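# Observations on the model geometry
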Amino acid sequence: MAFLLHLLVCVFGMGSWVAINGLWVELPLLVAELPEGWYLPSYLTVVIQLANIGPLLVTLLHRFRPGCLSEVPVIFFILAVGTIACVLFAFLWNVTSWVMGSQHSIAFIILTFFLALVDCTSSVTFLPFMSRLPTYYLTTFFVGEGFSGLLPALVALIQGSGITTCVNVTDIPDITSSPATTRETLSTQVAATPGGPHIARHQLWGLQYGNGCHEPLSPPAGTLGWRSPHCDLLVAFHCMPQLHQGDAGRDLAR
């Protein structure tokens, strides 16, 4: 008989915060389904704090009307409200409504308020009721309160709440060369051309005016019959942008 009474007291203490704790451990699943997304934890925090109006009313009644409020009917009432709210949660948790131009989980928030009202009010009604029992049952009551957080966490772990799967996807890089890369490659080739800048100048001239032929062509006659190697190097680098434009025009002609 004593063991059964300890078990009932433990279950009684476990009913204090088991509903809200069970709601928190399911948040990884809820944020993916409800329109509030990751704003949902903030909404729940505000709703739970508003539910502290229950303990406030009980405290005010004990202060200004002592003896008019019995814990037994209050406990039965809040347990009935919590049971009804849990049953409705099973059917209405994902029902949304349009409010101010967007969808919101109104039913979910309202039911959360009633669950929080039950759990918050239990803090000021369960302990006064436990004063009617021998003091050694108080330890069992607090053990039950500890299980109110442990049991939902174990159930969530068994369900696999919040488990995500990572998929390894191979990203194929784009090998399309850009104009800047082409110009840089040509600059490197010019610098490494055997024979110095003078031969490189003739090769670039042939690429530009020889329709893609790599054979060097004779440069047009100029006012000066001789140029220094430094001048040839400047001409070679000056012709590189024109070379790139000539290649682009040849590709369009093809």
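Residues numbered from 1 in each chain as written. Predicted model: local features only at pLDDT ≥ 70, side-chain atom pairs only at ≥ 80, totals over all residues. Heavy atoms only, no water.

As recorded in an unreviewed UniProt entry, the chain goes by the name Riboflavin transporter, listed as coming from Castor canadensis. Here is the UniProt Sequence similarities (unreviewed entry) comment for the chain, exactly as written: "Belongs to the riboflavin transporter family." (UniProt positions renumbered as here; feature names shortened; annotations may be inferred.)

Attention now moves to the nonpolar core. In globular proteins that are soluble, nonpolar side chains generally tend to be buried together. Counting residues in hydrophobic clusters, the biggest one holds 18 residues, and the most contacted among them are L30, L40 and F108. For this core, the secondary-structure elements that each account for two or more residues are α2 (18–25), α3 (27–33), α4 (40–50), α6 (71–92) and α7 (106–130). It is α7 that contributes the most residues to this core, 5 residues altogether. If we skip the residues at most four places from it in the chain, L40 touches L27, L30, V31, L34 and F108. The next biggest cluster of nonpolar side chains, apart from the first, holds 10 residues, and it includes F12, I75, F126 and F141. (Core = buried A, V, L, I, M, F, W, Y, C linked by side-chain atoms within 4.5 Å. Buried < 20%, exposed > 50% of the residue type's maximum accessible area, 1.4 Å probe, protein only. Helix = DSSP H or I, 4+ residues; strand = E, 2+ residues; numbered from the N terminus. Contact = heavy atoms within 4.5 Å.)

Our next topic: the environment of L5. Mapped onto the elements, L5 comes out in helix α1 (residues 2–14). The spacing of L5 and T140 is 135 residues in sequence and 9.7 Å in space, taken between C-alpha atoms.

Once that is clear, we can look at the side chain of S122. Its location among the elements puts S122 in helix α7. Its relative accessible area of 3% is what places S122 among the buried residues. With residues up to four places along the chain from it excluded, the contact list for S122 reads S16, W17, I78 and L127.

Here we take up the UniProt feature "transmembrane region" (unreviewed entry) in the chain. As annotated by UniProt and renumbered to match this structure, "transmembrane region" (unreviewed entry) occupies residues 38–60, 72–93, 105–129 and 136–158. The distance separating the terminal C-alpha atoms of residues 105–129 is 36 Å; by composition the span is 96% helix and 0% strand. Annotation note: span residues 136–158, helix share 100%, strand share 0%, distance between end C-alpha atoms 33 Å.

Let's shift gears to the side chain of T121. Structurally, the position occupied by T121 is in helix α7. Taking the relative accessible area as the measure of exposure, T121 reaches 4% and is therefore buried. Residues in contact with T121, not counting those within four places in the same chain, are G54, P55, V58, V74 and I78.

Side chains bearing opposite charge may pair, as long as their charged atoms lie close to each other. Enumeration according to the criterion identifies 1 salt bridge in this entry. Where E71 meets R132, a salt bridge forms, and the shortest distance between an N and an O atom there is 3.8 Å. Residue E71 is located in helix α6, and its partner R132 is located in the loop between α7 and α8 (136–159); the two are separated by 61 residues in the primary sequence. Here E71 falls in the buried class, since its relative accessible area comes to 14%. Residue classification places R132 among the exposed positions, given a relative accessible area of 51%. (Salt bridge = Lys/Arg side-chain N within 4 Å of Asp/Glu carboxyl O.)

Let's shift gears to the confidence of the model for the chain. In this model, the chain carries a mean pLDDT of 75, and residues with pLDDT of at least 70 account for 63%. At the level of individual helices and strands, the chain shows its lowest average pLDDT in helix α9 (residues 179–191), which scores 47, and its highest in α4, which scores 93. In this model, residues 219–231 is a region of pLDDT below 50 whose contacts with residues beyond four sequence positions or in other chains number 8 contacts. Confidence drops under a pLDDT of 50 for residues 247–254, and excluding neighbours within four residues, the segment shows 2 contacts in the predicted structure. (pLDDT = per-residue confidence, 0-100.)

Let's shift gears to α8. In this model α8 runs 36 Å from its N-terminal to its C-terminal C-alpha over 24 residues, within 8% of the 34 Å that 1.5 Å per residue would give. For α8, the principal kink sits at F147 and spans about 30°. Those residues of α8 that sit buried are Y137, T140, F141, G144, S148, P152 and A156. G160 sits one or two residues past α8 and shows a positive phi near 80°. (Expected span 1.5 Å × (residues − 1). Bend = angle between axes of the 7 residues up to and from the residue.)

Orientation of α2 relative to α8, taken along the N-to-C sense of each, is 35°, at an axis distance of 8 Å. Relative to α8, α2 is oriented so that their crossing is right-handed. Together, V18, N21, G22 and V25 of α2 and S148, G149, P152, A153 and A156 of α8 make up the contact between the two elements. (Axes fitted to C-alpha atoms, helices over the stretch in contact; angles between N-to-C directions. Left-handed = near helix turned anticlockwise from the far one by under 90°.)

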